[in-house]
Amino acid sequence: MRGVTAGSESVLQLLPMVFADPGEARARADHVLHTDPSPLHASVAHQVLGIWQRDFGDLKIALRHLRRARDLAARAESAEREADVLATLGVALVHAGRTRQGLASFEQGVARGSGHTRARVLYRRAYVWWVLGHHRESLEDVRRALPVLRHADDGIWTARALTLRATVHLAQGAVDRAVADFTAAERLWETTGQEHDKADAVESRGLAAFRSGDIPAALRLLDEAEERYGKLGTPTFMLSIRRCEVLMAAGLAPEALAEADTAIALLDRMGGQSTRKAELLLAAARAARSAGDPETAIARAAHAVRLFAGQRRTWWETHARLVLIEARTAAGRGSRRMVADAAAVAERLASFGSPAAPEASLLAGRIALALGRTDEAERHLAVAARSRHAGPPPARVTGWAAQALRARAAGSGRGVLEACRRGLAVLDDHRMTLGASELRARATAQGAELAALAQEASLVNGGPRRLLEWSERWRATVLSAPPARPPADPVLLGSLTAYREIAARAGEARREGRPVPALDREQRRLEREIRSRTHHMRGDGPGGGDRFDAGRLLDRLGEALLVELAVVDGQVHILLCGQGRVRRFPGGPLAEAVAEAEHVQAGLRRLAHPGGEARLPLVEAAGRRLQELLLGGAVPHLGSGPVVIVPPGALHRVPWALLPALRERVLSVSPSAGSWLRARETEPPPGGRHVLVRGPGLATGGAEVPELADRYGTAKVLEGEAAQVPQVLEDLDGAALAHLAAHGTFRADSPLFSALRMADGPLIVHDFERLARSPYRIILSSCDTARLASVGADELLGLVTALLPLGTAGVVASSAPVNDAAVVPLMLALHKGLDAGLSLAEALRDARAAQPGDPVHQATGWAFAAFGAA
């Protein structure tokens, strides 16, 4: 390079430093400009500042620095320096949405540079082609650049080129090629001090893991990349885009939308890259669509389409148009024009080689079916169905959904069921790679359409037994196998301990009426950290857990009857199982039953306090209406034996003992028939150890616990300072019976942080999942311990469902607020029955009958339910 001296070398080192230590590079470049530098040195300094502002700051400032760097390079009469700056300027112009100017800058750079410099220019143009969605052109420029970079023994730029080529391969669905390039690039990075590039390599491996279907590994690697970026103090907009994609695949769409919107707001404040903003808007639109918020999705996607169009990024614009059409369809805006639009998008995506092409064809077919245009729908669905045999799980599920819709349109019930069976099997294998119960539950949402189609076909073309089997096929699947045990992760254990301490301090401050914003912020941060660490856990791999067997269920029911409530197209169907057969009875609309259940909950809440007696007739009337909607014509066929109720997730808060036909029965509740069957076949642990726990702050002081301690004699009693989470968990592990008298809190926003209050803070669901075996029977005597969050296709998350797959065969808990004083005699009567050898359901029936007849005691009895089969 003309004019370069020995002193120039230290200034030129600022360029690689901007990706190794951006903050330090920026400071040194500022210093150079204050030392009356030569045009050459000043050009380098302005280029460094331009790169920093382009990637981490204000794009307008970046362009000023880079134009100044270009002019100074020309003054220095260094063609190689000028070519290098022109390439950096070209990237900035494209990110600013000035695509034509950016590409022109690259043309000049390629013409001005030679040899090694030209190869670096070509690499950066390849990057810009990728940003613009021109994958073929990107690969061509990388092909021209790589041999020159390797010949020059330029490890840093070779690694960058390999990383870029891998990223383009991923965009085209060539995962194996991408992994090979990422691996080769990472080996090169390890020989350098380029910390920012190393973080980028970890981020890229996370993306490759995601494309390979390994969501836990993807989340772990993206979190590691964020930690590395955080140490460098650099923003992480591309990382946010990629994490949004992974979060959505994990069923965490609301979290993805929040992440994207937060990044957009930060980018706007910084005056950052227009290209990144468009990509973040697309991520936000996808997340809003998945979260069931079509209006937000429409707004974000329309904005993204406008930006991509202005930036001449056709590949990206087409993907944004797909989301826009999907959101408009979800908002009920289907039309013939939208069929044509979706078909055009599908054709263009296919020409790009995009994995999203089948999704667009499925959309066109769906809209056409809704409009009654079956021939047109068949054409589009046939194209989408081709993806069912290859590719990542979401693409194969898309293909099977298309095949199921084709079969339904052709009137083939058998074809519908076969397509649904195959599609759900793909999701089973995918779901079981996830270790965290939350991710397993949320992942089932991807199979909701297939499950609904199968149930509909079973109702039309099959008998009640087939409808039962398909109702079970995608219900409470998270309970079919235990979640992966959290690893002996010191970071996770430390976070759990810190969370308990912070939550305890925050709770104490609230009870004293003191504001706690700082503690609340720290508690939320720790919650995010705990969820993040648990999401990293891998499952055991393919296999959906136990398969439901209707014959086995009917054999094991004995004298009992099981009532499973299946919902097809918004209508409840009552499946009465027992005495060797399955019978179906019509129920009422699900929406009416859900509304009635909410009225009942409000009434029970009022009855838990003195003075609410006037609500009793209203609550009992609501119970009669619920019986009409949910048991209907099955009531005369219930006989006199035990009854097991299996409700859909939307009805998990119904107090079933309130229904007149069930009040005097041995009654238990289960999330699924399969989970009841597993509980029925669970053997109690040897030794018969009993544990009694009394948490702090109870209105009655947990008055039943001392009496129960006298009853059981050898029971382990944990109270006062002894009732701390580590000790409680140690004693609960493998117990035959555990009674926990402790305040319960339900977290609808994050159900696995639902908790029982111990002496040192909350005992949360994540803690229970660390047990080798949860107690065979467990009684939770406080409010709201049976409340659950309905997620995924028909999954429930909360304290009860956390215990059932871990070895617990029976739980007694409440689904509503209860009167603390009225709980004490109910619990004592319950344990009297258990001591006499009764099951939880039998003992609870007798305990209700033994209570005083006043409204408060009646409401308390109705609020508690026996879950499982012990």
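Residues numbered from 1 in each chain as written. Predicted model: local features only at pLDDT ≥ 70, side-chain atom pairs only at ≥ 80, totals over all residues. Heavy atoms only, no water.

**Q** Got a minute to help me understand the packing of helix α10 (residues 155-171) against helix α11 (residues 175-189) in this structure?
**A** The angle between the axes and the distance between the axes are what describe a pair of packed helices. Remark: α10 packs on α11, axes separated minimally by 8 Å, with the N-to-C direction vectors making an angle of 160°. It follows from the interaxial angle that α10 and α11 lie roughly antiparallel. Two packed elements cross with a definite hand, and for α10 against α11 that hand is left-handed. Within the contact between the two elements, α10 uses Gly-155, Ile-156, Thr-158, Ala-159, Arg-160, Leu-162, Thr-163, Arg-165, Ala-166, Thr-167, His-169 and Leu-170 and α11 uses Val-175, Arg-177, Ala-178, Asp-181, Phe-182, Ala-184, Ala-185, Leu-188 and Trp-189. Classifying every residue of the contact of α10 with α11 gives twelve nonpolar, five polar and four charged. (Axes fitted to C-alpha atoms, helices over the stretch in contact; angles between N-to-C directions. Helix = DSSP H or I, 4+ residues; strand = E, 2+ residues; numbered from the N terminus. Parallel < 35°, antiparallel > 145°, perpendicular 65-115°, else oblique. Left-handed = near helix turned anticlockwise from the far one by under 90°. Contact = heavy atoms within 4.5 Å. Nonpolar A, V, L, I, M, F, W, Y, C, P; charged D, E, K, R; others polar.)

**Q** Help me out: how do you make sense of the pattern of salt bridges in this one?
**A** Considering all chains together, one arrives at 51 salt bridges under this definition. The shortest N-O distance in the salt bridge between Asp-223 and Arg-243 comes to 2.8 Å. Taken together, the residues span a long stretch of sequence, with Asp-223 in helix α13 (residues 215-232) and Arg-243 in helix α14 (residues 237-249) at a distance of 20 residues. Given a relative accessible area of 13%, Asp-223 falls into the buried group. You can call Arg-243 buried: its relative accessible area is 8%. (Salt bridge = Lys/Arg side-chain N within 4 Å of Asp/Glu carboxyl O. Buried < 20%, exposed > 50% of the residue type's maximum accessible area, 1.4 Å probe, protein only.)

**Q** Would you mind going over the environment of Ala-518 with me for this structure?
**A** Among the secondary structure elements, Ala-518 is positioned in helix α28 (residues 517-535). Looking at Ala-518, the relative accessible area reads 48%, which means it is partly exposed. A C-alpha to C-alpha distance of 28 Å links Ala-518 and Gly-720, two positions 202 residues apart in sequence.

**Q** What am I meant to see in the packing of aromatic side chains here?
**A** Think of a pair of aromatic rings as described by two things: how far the centres are apart, and how the planes are tilted against each other in angle. Scanning the entire structure with this criterion turns up four aromatic pairs. Arranged with centres 5.7 Å apart and planes meeting at 25°, the rings of Phe-308 and Trp-316 form a pair that is stacked. Both residues of the pair, Phe-308 and Trp-316, belong to the buried class. Seen in terms of ring centroids, Trp-315 and Trp-316 are 5.0 Å apart; in terms of plane orientation they differ by 75°. Their pairing is edge-to-face. (Phe/Tyr/Trp six-rings, centres within 6.5 Å; stacked < 30°, edge-to-face > 60°.)

**Q** Help me understand the packing of helix α20 (residues 357-370) against helix α21 (residues 374-385) in this model?
**A** Interaxial distance between α20 and α21 falls to 8 Å at its minimum, and their mutual angle equals 160°. Classified by the angle between their axes, α20 and α21 sit roughly antiparallel to one another. In this structure, α20 meets α21 at a crossing whose hand is left-handed. Counted together, Pro-358, Ser-361, Leu-362, Ala-364, Gly-365, Arg-366, Ala-368 and Leu-369 of α20 and Thr-374, Glu-376, Ala-377, His-380, Leu-381, Val-383 and Ala-384 of α21 form the full contact between these two elements.

**Q** I would appreciate a short explanation of the pairing of strand β8 (residues 737-741) in the present structure.
**A** A regular strand places its side chains so that they alternate between the two faces of the sheet. Judged by how many residues are buried, β8 sits mostly within the fold: five of five residues are covered. Along β8, one buried face is formed by Leu-737, His-739 and Ala-741 and the opposite face, lined by Ala-738 and Leu-740, is buried too. With five bridges connecting them, strand β6 (residues 690-694) and β8 associate as parallel partners. Within the sheet, the bridge partner assigned to Arg-694 lies in β8 and is Ala-741. (Pairing = 2+ DSSP bridges.)

**Q** It is not clear to me how the pairing of strand β7 (residues 716-719) should be interpreted in this structure. Could you clarify?
**A** Sheet topology note: the β6/β7 ladder contains four bridges and is parallel. What sits directly across from Val-693, in β7, is Leu-718. A crossover connection joins β6 to the parallel β7 through helix α33 (residues 704-712); in handedness this β-α-β unit is right-handed. (Right-handed = clockwise from strand over helix to strand, strands pointing away.)

**Q** Just checking my understanding: could you explain unusual backbone geometry for this structure?
**A** Residues other than glycine predominantly adopt negative phi, and peptide bonds predominantly adopt the trans conformation. If you check the backbone angles, Asp-36 has positive phi at about 50° while not being a glycine. Mapped onto the elements of the fold, Asp-36 is located in the loop between α3 (22-33) and α4 (39-56). For Asp-36, a relative accessible area of 72% gives the class exposed. Positive phi is not limited to glycine here, since Arg-312 has a value of about 60°. Among the secondary structure elements, Arg-312 is positioned in the loop between α17 (294-310) and α18 (314-330). Relative accessible area serves as the criterion here: at 45%, Arg-312 is assigned to the partly exposed category.

**Q** Even after reading the chapter, I still don't get the nonpolar core, so can you show me in this structure?
**A** Within the largest apolar cluster, 101 residues are counted, with the highest numbers of intra-cluster contacts made by Leu-630, Trp-656 and Leu-740. Sort the elements by how many residues they give to this core and helix α37 (residues 820-835) lands first, with eight residues. (Core = buried A, V, L, I, M, F, W, Y, C linked by side-chain atoms within 4.5 Å.)

**Q** What is the right way to read the environment of His-31 from this model?
**A** Looking at the secondary structure, you find His-31 in helix α3. For His-31, a relative accessible area of 54% gives the class exposed.

**Q** It is not clear to me how the confidence of the model for the protein chain should be interpreted in this structure. Could you clarify?
**A** The predicted coordinates ought not to be read in detail in places where the model reports low pLDDT. Here the protein chain shows a mean pLDDT of 88. Residues at 70 or above account for 95%. Residue range residues 1-7 is modelled with pLDDT below 50. Its contacts to residues more than four positions away, or to other chains, number twelve contacts. (pLDDT = per-residue confidence, 0-100.)

**Q** I'm lost on the sheet that holds strand β9 (residues 744-745) in this one. Help?
**A** Pairing is antiparallel across the open sheet formed by three strands, whose spatial order is β9-β10-β11. The open sheet has two edge strands with one neighbour each: β9 and β11 (761-764). Relative to strand β10 (residues 755-758), β9 runs antiparallel, the two sharing two bridges. Following the sheet pairing, Thr-745 is matched in β10 by Ala-755. In this fold helix α27 (residues 490-511) packs onto β10 and β11, with an angle of close to 125° to the strand it touches most, β11. Those strands touched by helix α34 (residues 725-732) are β10 and β11, and its axis lies near 30° from that of β11.

**Q** Please clarify how the side chain of Asn-819 should be interpreted in this entry.
**A** Looking at the element boundaries, Asn-819 is found in the loop between β15 (810-814) and α37. Relative accessible area serves as the criterion here: at 15%, Asn-819 is assigned to the buried category. Within the structure, the side chain of Asn-819 is placed 3.0 Å from the backbone nitrogen of Ala-822, a separation counted as a polar contact. Filtering out sequence-adjacent residues up to four positions away, Asn-819 remains in contact with Ala-608, Pro-610, Val-856 and Thr-860. (Polar contact = N/O pair within 3.5 Å; in protein donor to acceptor, adjacent residues only side chain to side chain.)

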